[in-house]
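What follows is each chain in one-letter form.
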Amino acid sequence: MDIWSKGDGFIELENARQSKDTTLKNFALSLPDNFVIADLRNKQIQSGFAWGKFGPNIDKAKRHETELIWGIEKPIKKGFLSKLFGR
């Protein structure tokens, strides 16, 4: 509950794309624009990220090949008319 209430542990994609950390930057550049990043490489034990913040469906989450970095898809918010007409 601490992770959810004190800070969700995510880095906005645009911030990661401008990072001086080349591993983080390259991973961010490989993701679509509607993702956020969770970087646990330098976190203490019992750290994490609120993966359920964007809903229970994390099928499209992407993990870095070798590092403790994840990309989590943020659902695109639809307006009322889009919901109504299915667009």
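Just above sits the structure.
Below, the structure is looked at part by part. (Residues numbered from 1 in each chain as written. Predicted model: local features only at pLDDT ≥ 70, side-chain atom pairs only at ≥ 80, totals over all residues. Heavy atoms only, no water.)

Observations regarding the overall build of the chain
Thinking step 1. Tallying secondary structure elements over the chain gives four helices and four strands in all.
Thinking step 2. Along the chain, helices and strands appear, N-terminal first, in the series α-β-α-α-β-β-β-α.
Thinking step 3. Going through the 87 residues of the chain one by one, you find that 26% of them count as buried.
Thinking step 4. Contacts in the chain between residues at least 24 apart in sequence constitute 60% of all its contacts with a sequence separation of at least 6.
Thinking step 5. Looking at the chain as shown, the accessible area adds up to about 6700 Å², and 52% of this sits on carbon and sulfur atoms. (Helix = DSSP H or I, 4+ residues; strand = E, 2+ residues; numbered from the N terminus. Buried < 20%, exposed > 50% of the residue type's maximum accessible area, 1.4 Å probe, protein only. Contact = heavy atoms within 4.5 Å. Areas by Shrake-Rupley, 256 points an atom, 1.4 Å probe, with all protein chains shown as cover.)

Things to note about helix α3 (residues 22-29)
Thinking step 1. Among the residues of α3, Leu24, Phe27 and Ala28 are the ones counted as buried. Looking down the long axis of α3, one finds its buried residues gathered within 100° of arc, a one-sided arrangement. Opposite the packed face of α3, turned more than 90 degrees from it, sit the exposed residues Thr22 and Leu29.
Thinking step 2. Among the structural elements, β1 (10-12), α2 (13-17), β2 (35-39), β3 (62-63) and β4 (69-73) are those in contact with the buried residues of α3.
Thinking step 3. The backbone nitrogen of Thr23 has a side-chain oxygen 3.1 Å away, supplied by the residue at the start of α3, namely Asp21. (Arc of directions from axis to C-beta. Polar contact = N/O pair within 3.5 Å; in protein donor to acceptor, adjacent residues only side chain to side chain.)

Describing the environment of Gly71
Thinking step 1. With respect to the secondary-structure elements, Gly71 resides in strand β4.
Thinking step 2. Of the residues examined, Gly71 reaches a relative accessible area of 0% and is grouped as buried.
Thinking step 3. Setting aside residues no more than four positions away along its own chain, Gly71 makes contact with Phe27, Leu31, Phe35, Val36, Lys60, Ala61 and Lys62.

Focus: the sheet that holds β3
Thinking step 1. Read across the open sheet, the four strands follow the order β1-β2-β4-β3; overall the sheet is antiparallel. The sheet is open, and its two edges are formed by β1 and β3, each paired on a single side.
Thinking step 2. As paired strands, β3 and β4 are joined by two bridges and run antiparallel to one another. The partner of Arg63 across the bridge, within β4, is Trp70.
Thinking step 3. Seen against the sheet, α3 touches β1, β2, β3 and β4 and runs at an angle of roughly 30° to β4. (Pairing = 2+ DSSP bridges. Axes fitted to C-alpha atoms, helices over the stretch in contact; angles between N-to-C directions.)

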